[in-house]
Structure formats: C-alpha cells, structure tokens
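What follows is the residue order along each chain.
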Amino acid sequence: MSHKYNPKEIEPKWQYLWEESKCFKATEDISKPKYYCLEMYPYPSASLHMGHLRNYAIGDSIARYKRLNGFNVLYPMGYDAFGLPAENAAIKQKIEPEAWTRSNINAIKHQQQEMGLSYDWSRQIQSLDEDYYKWNQWIFLKFYEKGLTYREKAVINWCPDCNTVLANEQVINNRCWRCSSIVEQRELEQWFFRIRDYADELLTSLDDLDWPESVKTMQRNWIGRSEGTIINFNIVNSGETIPIFTTRPDTVFGVTFMVFAPEHPLIKDWVEGTKYQAAFETFLASVQQEDKFQRTAADKEKKGMFIGKYAINPLTNDEIPVYVGNFVIYEYGAGAVMAVPAHDQRDFEFAKEHDLPVKVVIRPRDKVLSPDKMTEAYIEKGILVNSGEFDGLDNHDAIMKISKKLEEIKLGKSTVNYKLRDWLISRQRYWGTPIPIIHCDKCGSVPVSFKDLPVKLPKDVEFTGSGNPLATSSSFINTTCPECGAPAHRETDTMDTFVDSSWYFFKYCSPFSGQVPFDKQPVSYWMPVDQYIGGIEHAILHLLYARFFTKALRDIGLSEIDEPFSRLLCQGMVNKEAPYCELCNRFLPPEDYEGSTCNACGNKYTHKSAKMSKSLGNVIDPRILMDNYGADAARFFILFGSNPERELEWSDAGIESVYKSLEKSFHLLIKMPGSLKDTIDARDNYIKFITHKSIRDATYNFEELKLKDAITHIMILIDELSTYSKTPINKDIYNEARMTAAVLLSPVIPHLCEEVWELTGHDGFIIRARWPICDETVVSEMNEFKWDLLSDLSDDIREIIKVARITSPKRIRIYSAAGWKFRLANLFKEEFAKTKDRGQIMKALMSTDLKRYGKQVNQILGKYLNDPALAPYVDMGQEGEFSFLNEVALILESRFNCVIEFYREEDSQEKKAAGALPGRPAIIID
RNA sequence: GCGGGGGUGGCCCAGCCAGGUCAAAGGCGAUGGGCUUAGGACCCAUUCUCGUAGGAGUGCGAGGGUUCGAAUCCCUCCCCCCGCACCA
C-alpha cells in the first residue's frame, strides 16, 4: 500500500470525523482537572489574517496538548460582532449591519474550521444576538443600581471620522485607536462606568498574575497610582479654597506661585471683567487649538500668564501669584499645581520664563544652592532649609511630618491619586448594545425595567453617515416613561463594544443561562481562564476592562472570581521584509519605488523586516498557505518559525521546506521498515534514548509554551528515526518511537497525526491518546553521558579523517584509557573541589597508589588544570567505557564503513594509545 | 527622560534563570559528492581562520570585572524595538 500525503483529502476527513464524534464538546466533570484555553474574542472581519492564524495555531496546540495530558479542556470560540466596520459598510454599501456581520462570521468560521481548530462550537456566541446583548443591558442596570453607572457632562474625546466619542484608553497619541484620526475635545453628557472605584484592586492584584511583565507594567502606568497630600490653598479676596494634590509636601515652603490649567472653570470667573480677560481668552484659544498630545510633550515651551489673583501659602502665609499654564492638565488632580521652581523642573522653567522667584527649601548635604546660580531644579534628596520648624529634617521625613501638620491645622491631608479615569461607554452609533435608559421630562433618566429587556436594536433606521442612525428610528425613540407613563424618549447612545468583550469569557462557561447572564456553577468550575492568548495591542484596553468587569460582577454576586485570566501569552507580530530606504529612513510603499530605487531620493533601497500591513504591501493571505499546503503545513510553519512571544518572520522558502518535511515525516511514520529483528543492540537502545529525551524536552517546552523549541526536539526524533529505519529495526522499539513522535506532534499537526494513527492500526482518535511519559532511567545522566561520548568520538574520527586527508579508512582502532586514569580523573575532581593549587593536588595524588605513574600523572594533571572540564562529569569506569564502546561498534561501522577494533590501553604498545583519557579514547585510523 | 524587551556564526533562531559536556542545537541559504538523461526532489558531507591525527587561534553588541573556567554572573557604555511620557 502506498499512501500519498494528501492534506486536501485527509484534513476535511478528520475535521468531519471530529465534528461527528463531538470530541471537543466540553462538559463539567469534577473528577478531572479543568483547563480553560482561550484566544481573544475576534472581530469577525471577512477573512483571516496571519495574526489570527498564529493566534489560533498557538491556542489550539495548547488545548490539544492539555487534552492529551488528561485535562478537561474548555476551548470555545465566538465573535465580537458589534462595531463600526459593519455600520460603515451599511453607510457605503447599503447593506444591513446584521446581514453583513453574519455573513462575515460564517466566512471566518469556515476558515477556522479549515484550520482544524478544536473548538467546542456548541458554545459559540456572538455579541449581536439579542440573547447576548440583553445581558449587557442587564449588567448595565445592575451596575446602575450599585452606583457603578452614571451620566455626566464631561469634556470627552471625539473622533470626527468615527462620529463618536472614545474612552481615554482608546486614544493613542491623540489619535483614534481604530481609524487613527486626530481626536477632538468636546463637552457632552455621557454614560460612564466607575472603573476608578476599582483602581486600587486592579493595581494590587496584578502582582499575582502570570502575565508578561511588560503588560503588567503598562497597566500599572495606566492606573498611575501616586501617594501624596492634598493641600488647601485659599484664594485672596474670593473665599475660595483650592485643594491641590502634591507628592512633595516637603517643598511647600518653596511654593512661590500657582499654576492652573487654562480650562479650569474658576479662571473664567476670576478674569471676567478684569484687565486680564482679553489676554486670557486669547491664551485659552491658542492652547485649545493645539492638540493634547502636542501640548503635553515634555519638551514643549512652558507658556502661561498671570491672571490677577493671589493665593495664600498655608504654611508661610505668603501671598503668591496665580498663573495659568499650558502644561497643567485639567483632568489630573485638582487641575492646578503648587509651583516649587527650586525643586521641580517644569516649575523652574516656567519661573525663568516669567521671572518668578526661586526659593530653595531643600539643600544637598555637600553643597549650598543659590537660586540665581541654579540652571535646573534640584530634585534630589536633601535637608530642609527655609522651612521654619521643619529646618534640618531629612526631606523624606519631612513629607510625613508636614503632611501631619497640615492635617492638624485642617489645611490638608494625605491621599492617593490615580491617573485612571472612569470608563466612558457611550457611543453615538447604531451597531452596538442600546443603553437601557428612558429620558422623561418629568422623571429624568429612568432605567428600563429588567423584565422589558432586551431593548432591541430597531430595523427602521437610516444610515446617512451623519448623526446617530438610532435617532432616525421613531419606533425606537418614542416610548413611555416606566415611572409616570408620560411620553418619553429612549437613550440613543449605544455601548462601547469593549463592554461585550469584558465578560464573554464567562458566557462561554454558561451559554444557555435563563435568569442571569451566566450561571454560577459552571463558572466556578471553568473560571478563571487558565491560558489566554492574544495580541499585545490589548494590553490596556480590553485586558483592563475585562478585569474591572470580573471584579464588579463578583461584587454584584454573579461569581466569586477575582481575576479573569491567570496566565496570559502575548504573541509576537508577523513580519515580512519590505523595501526600506536607508537614506530617507523609511519604508517604501509600493508606489514609492520603482525597480530597485527609491522614488524620493533615487538611491538603491534595501529590505528590512516590518509588520505585515496593507500600506506596505507585504501582506501574505493565509488562504494561500492553506490552499497550497494545507492546514497542518500552515500551522507547522507558523509554530516552527518562532516561539509564540517572539516576532515571526515570513519566508517563502520556509513554507516550502515545511511541507516537504511533513511529507517525509508522514511516509516515515506510516511505513514499517522492511528489515526487522528480535534482538536489541546499541542502535535500538540509542533510538529508545532519543525517544525519551524528546519526550522530556518537548514536554518541558510545551509547559513553557515554547512551541518552536518543542517542535525542534520532536523533529530530532523524526530525523533519528529516519536513520534508524534504514537499518534492521526492533519492531517494539521502532513502534514506540514512531508512535511517540506521532502523539508529540499531534497538537501541532493534528490531521496528519490522526491519519498516521489510523494507518498504523489504531482504533479511535489520536486526540484521545495519552501524552507519553518520559522514562527517567532511559535518559539518566549516565546514558546522556554515554551517547554524548559516542557522538564526540564520531566527531573526532571525522575530524581526523578530514585533517589527515584519509580518503577511505580501512580500519579504526579505539583504545580505552587505562584503569588507573579513571581513578586519577575521580581523585582530581575531588581534590580540585578543595584547592586549585597544582602543588597540593599533585601531593594528594602522589599519596595514593598513583605514585607509580608519577610522570604521567603530572602530565595529565597539567591538562586537567588547563581545562578541568576534560575530566568527565560521569564516571563510567574503564570496564563501563570499554563495554559501551564494544556495544556501539556497529553504529560506528555503519557510519564509517570500515572495521572498528577496540583495545584497552594496557594491552597495547601503540604510542598513541597512551594519550587516551577517560571519556576520551585514543583513536588510530589506518 | 522613565519602564519593559532585545543585540549569538551568511540569514533566522535556541542556549543565558541553575558558569564547565559550547566553535555554540535546529531551520534557511551556500558549497562539494551520490542519485538522475538533465533539473527538481531525495540522501551524505562541508560551511569562523589556520592545520596531513582529534590541535591551535579568534569568537556570542563594546569595554572592564568576578572565577581555575564566562555566550551564560557583576559593572559601565553603545545600538535596536515596544510602551509611557510636563501626572504635580
């Protein structure tokens, strides 16, 4: 029987059989350890890209690996089905968002199925289903009851292109996260979730997560906890008190002015009708013209102006002038700062610019600071001066003491401040979850009652491209107030789609719940997600929101889970080289080069690796991979190319060679070699050793998620197996080796391995096989040493043949070192551990019966001291080495195709034999 | 500027946490040989330098240090990537 490797045939076959047997269906089973493996909720674009392919190849391999290891695995898939692309398609192409999205879901699902991913499709969910989004509304209302949802007028980020507001997290470098348009500031009434209430827990519970350090750091920075003190500054002639936040209360005696954010509402009142009004308005306008990103760049010039007001320093009672400045951010702290030019660089620059006094209050231990000689602020540690009763204190101690004093005189208190803002969830778009609120002229904003959920998305809407389409549906808008029954209108904002993805992982555990979003019992079995896999781009956005939701859902009693994702893997980018002009210092899009030269400068361009992107034209469609080489080859290539966290470089040659090696492996694994034997010799022992070594190494790598390294170790087994198959084989050992290889490879190339399993006479699926267990006695230190010895010996023989230009060796004689040399090696290791002194070691050696070999001992000692690693780390003994060499004679014979003879050094007169050392037999080639 | 991750042989990529078995796995590419009508595929060998016996030299971004011994540990510096960035 000759079977061709035909992925087009075997892949659909196994996909069908898996489906038919429902073998990926997950059911709670407390007798088995559970494992929840999850990839980030994908947006259903019409086709897969390389990033998806990589994401799923990783996740599926882990899920399959865990199943083989006896875990009860939950590995689901669903679709983040709301969002702008569908709505934009509706505007441009007049297609219903729902129809558009559902057809995308079908398309992408089809591709996922072609990849052979082992999802439990019975749990598939998508946010656009009423039965899903109604729970968004349910949760919204629960949060509302708890005070976690609120509506407020606020200056918010507006994306003019998406025609909607954005949360702070969705603004990247002042651009929209989705479309990269520059974000504008607008003032609007919006709905928020109180994520800030969880700031502290979100921060502290990061510590216990097995997440990449970079992601944890990003979240820590984003939450931005800082400990400090609130200090109240009274404003002269106004009766107002401004609570300023500072981390440096130790410098309060050095405050010489205050700076407010120009948009601070008090400023407008203060300048009204004064001579400062006109200038202030000009200043405010100029600041607002700049985008926020430019404005807050660190190297930006510190601009500002005096606005005619004074404040009182609460500790010195000095009157200090009040300024507005472009560098103060309204949203942070009190939107105003106390300025200490001597000890804060920004304040220093501002003071120089505006000729304000600099007052030193902290002095370094070894020198005196003089304000007029300072060229920058002194921000290091020091001792307090000019600070009244606090003079002489270490500034670190002063922070606490001054804080305490302020508290006593009721002009301040210690506090904690966060950069994290509440989560703005309103969106002025159609294709999302309607916010279940009714606005009544009399009763205000009234929540829809739970029994009336879901508030369905209406179909009678118009997509004009301007304004919220929901507002065009009179059937939707017009309703009655649940409280007073009067005519009222519905809220037209929909929820940020990040709400959908903040709890979908709970829904997978309990897709068919009745009265609540999800049932407690299955959730407590499956959650938390043991392994979450996705791109780094969600380091803050999705991962922070999902953590917040998990905690808030816990607090409304839906679960007892604190953290959603125990272990996180952020896969690297998929790159491909693209034309890059070194002179212009940029990548060249297809229209910017011709032939081999850059259009801009006319010079030759080079190639450099870049993230696959449409604009650079270096995208490879995974479909080509799948169509030409099959799912297994695509999966293998993508996992073998690079470890999951690292970047993956696309290469055309790579996929070709992957396909060939799969083909080769397939033939090797299904065919029993012709020449069998019942005996066991060194070759059989060797392949057994390699088999178990592969199990050990691949298992270790799988656990570490180093899938590339795991595959490398399995392929070594395949290679050795291939060599072995050309000699007479022991059937049992051969079978153990090839079935081990098949099972080890099955998480990566499942279809091929199923086919092998079947063709080698197994009943049932390979996915129901057991992950092999490494026999430690086979891969003992002694055995590793032995087989290394053989490979070193072969290398040495080859080296000699090469250097001595021997064309074809006729006989190779190998001499094991004399017995006393083994004793010497051991003694040397003992003594060397005690001292490195040659004299002392020699003395110790000479006090034994080795004395009679004094001269040789001295020579060998010289060698050993020069390279202590020469003394073998395992002691085989002369007999052990000699008999091992005899055993492997046939391996050497087949390698070198000549007679191999073995001797003991003692039995030989050959000069060269005297050079033998333990673990390093002498070699003579004729 | 701060934080995180990197820099390994022609290229990609392991090794570094637990120093010696490391001239450094694996893949790609290249060269030679076998096979073949030829090419491809496949198989074998070679692929830092020198070397007619397993050696020597150089070497893991650069420079120092620790150690009998450093790709691996410590210090300083350079470069690349990714986040954050006047956060009071």
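## Re the protein's contact with RNA strand B
Here's step 1: As a matter of local geometry, RNA strand B sits amid 53 residues, with Thr246, Lys302, Tyr332, Arg346 and Tyr873 nearest to it.
Here's step 2: In the environment of RNA strand B, a base nitrogen lies 3.0 Å from a nitrogen or oxygen atom belonging to the backbone of Pro921.
Here's step 3: Mapped by element, the contributors of at least two residues to the surface near RNA strand B are helix H7 (213–223), strand S9 (241–246), helix H19 (652–670), helix H21 (707–724), helix H24 (781–803) and strand S36 (922–925).
Here's step 4: With 7 residues, the single largest contributor to the surface near RNA strand B is H24.

## Section: the pairing of strand S19 (residues 437–440)
Here's step 1: Burial along S19 is two-sided: Ile437 and His439 facing one way and Ile438 and Cys440 facing the other are all buried.
Here's step 2: Inspection of the sheet shows S19 paired to strand S20 (residues 444–447) by 4 bridges, in the antiparallel sense. Looking at S20, one finds that Ile437 is bridged to Pro447.
Here's step 3: The antiparallel pairing of S19 with S20 creates a hairpin that spans 3 residues between the two strands.
Here's step 4: Pairing analysis gives 2 bridges linking S19 to strand S22 (residues 487–490), with the strands arranged antiparallel.

## Brief notes about the environment of Gln113
Here's step 1: Tracing the backbone shows Gln113 in helix H4 (residues 97–114).
Here's step 2: If we ignore the near neighbours within four places in the chain, the residues touching Gln113 are Gln15 and Trp121.

## Observations concerning the pattern of salt bridges
Here's step 1: Per the stated rule, a full pass over the model turns up 54 salt bridges.
Here's step 2: Note that Asp250 is salt-bridged to Arg248, the shortest N-O span being 3.1 Å.
Here's step 3: The exposure class of Asp250 is buried, given its relative accessible area of 0%.
Here's step 4: Of the charged contacts in the structure, one is a salt bridge between Arg823 and Asp849, with a shortest N-O distance of 3.4 Å. Taken together, the residues Arg823 in helix H25 (residues 819–834) and Asp849 in the loop between helix H26 (838–846) and helix H27 (854–866) connect sequence positions 26 residues apart.
Here's step 5: Overlapping salt bridges, with partners in common, bring together Glu201, Arg547, Lys551, Arg554, Asp555, Asp562 and Glu563 in one network.

## Observations concerning the layout of surface pockets
Here's step 1: Looking at the second largest pocket, its volume works out to about 1800 Å³.
Here's step 2: Along its surface, the second largest pocket is lined by 45 residues, and Ser45, His49, His52, Glu537 and Lys611 are the ones closest to its centre.
Here's step 3: Residue assignment for the lining of the second largest pocket shows that the elements contributing at least two residues are helix H2 (50–68), strand S24 (531–535) and helix H16 (541–555).
Here's step 4: Among the elements that make up the lining of the second largest pocket, the one with the highest residue count is H2 (5 residues).
Here's step 5: A breakdown of the residues in the lining of the second largest pocket according to their chemical character gives 24 nonpolar, 15 polar and 6 charged.

## Focus: the side chain of Lys821
Here's step 1: Looking at the element boundaries, Lys821 is found in helix H25.
Here's step 2: Only 2.9 Å separates the side chain of Lys821 from the side chain of Glu905, close enough to count as a polar contact.
Here's step 3: Lys821 has contacts with Ile860, Glu905, Ala914, Gly915, Ala916 and Pro918, leaving out every residue within four places of it along the chain.

## Observations regarding empty space enclosed by the protein
Here's step 1: Counting across every chain of the model gives 4 cavities of 30 Å³ or more.
Here's step 2: Volume-wise, the largest cavity comes out at about 200 Å³.
Here's step 3: Taken together, 19 residues form the lining of the largest cavity, with Gly83, Leu84, Arg427, Asp496 and Thr497 sitting closest to its centre.
Here's step 4: Elements that contribute at least two residues to the lining of the largest cavity include exactly helix H3 (84–93), strand S4 (164–166) and strand S23 (494–495).
Here's step 5: Ranked by the residues each element gives to the lining of the largest cavity, the list is headed by S4, at 3 residues.
Here's step 6: The residue inventory of the lining of the largest cavity, partitioned by class, reads 8 nonpolar, 6 polar and 5 charged.

Procedures and definitions
Residues numbered from 1 in each chain as written. Chains lettered and ligands numbered in written order. Predicted model: local features only at pLDDT ≥ 70, side-chain atom pairs only at ≥ 80, totals over all residues. Heavy atoms only, no water. Near = heavy atom within 4 Å. Polar contact = N/O pair within 3.5 Å; in protein donor to acceptor, adjacent residues only side chain to side chain. Helix = DSSP H or I, 4+ residues; strand = E, 2+ residues; numbered from the N terminus. Buried < 20%, exposed > 50% of the residue type's maximum accessible area, 1.4 Å probe, protein only. Pairing = 2+ DSSP bridges. Contact = heavy atoms within 4.5 Å. Salt bridge = Lys/Arg side-chain N within 4 Å of Asp/Glu carboxyl O. 1 Å grid on protein atoms, 1.4 Å probe; cavity = no way out; pocket = protein on both sides within 12 Å on 5 of 7 lines; lining within 4 Å. Points joined across faces, edges and corners; volume = space filled by probe spheres on them. Nonpolar A, V, L, I, M, F, W, Y, C, P; charged D, E, K, R; others polar.

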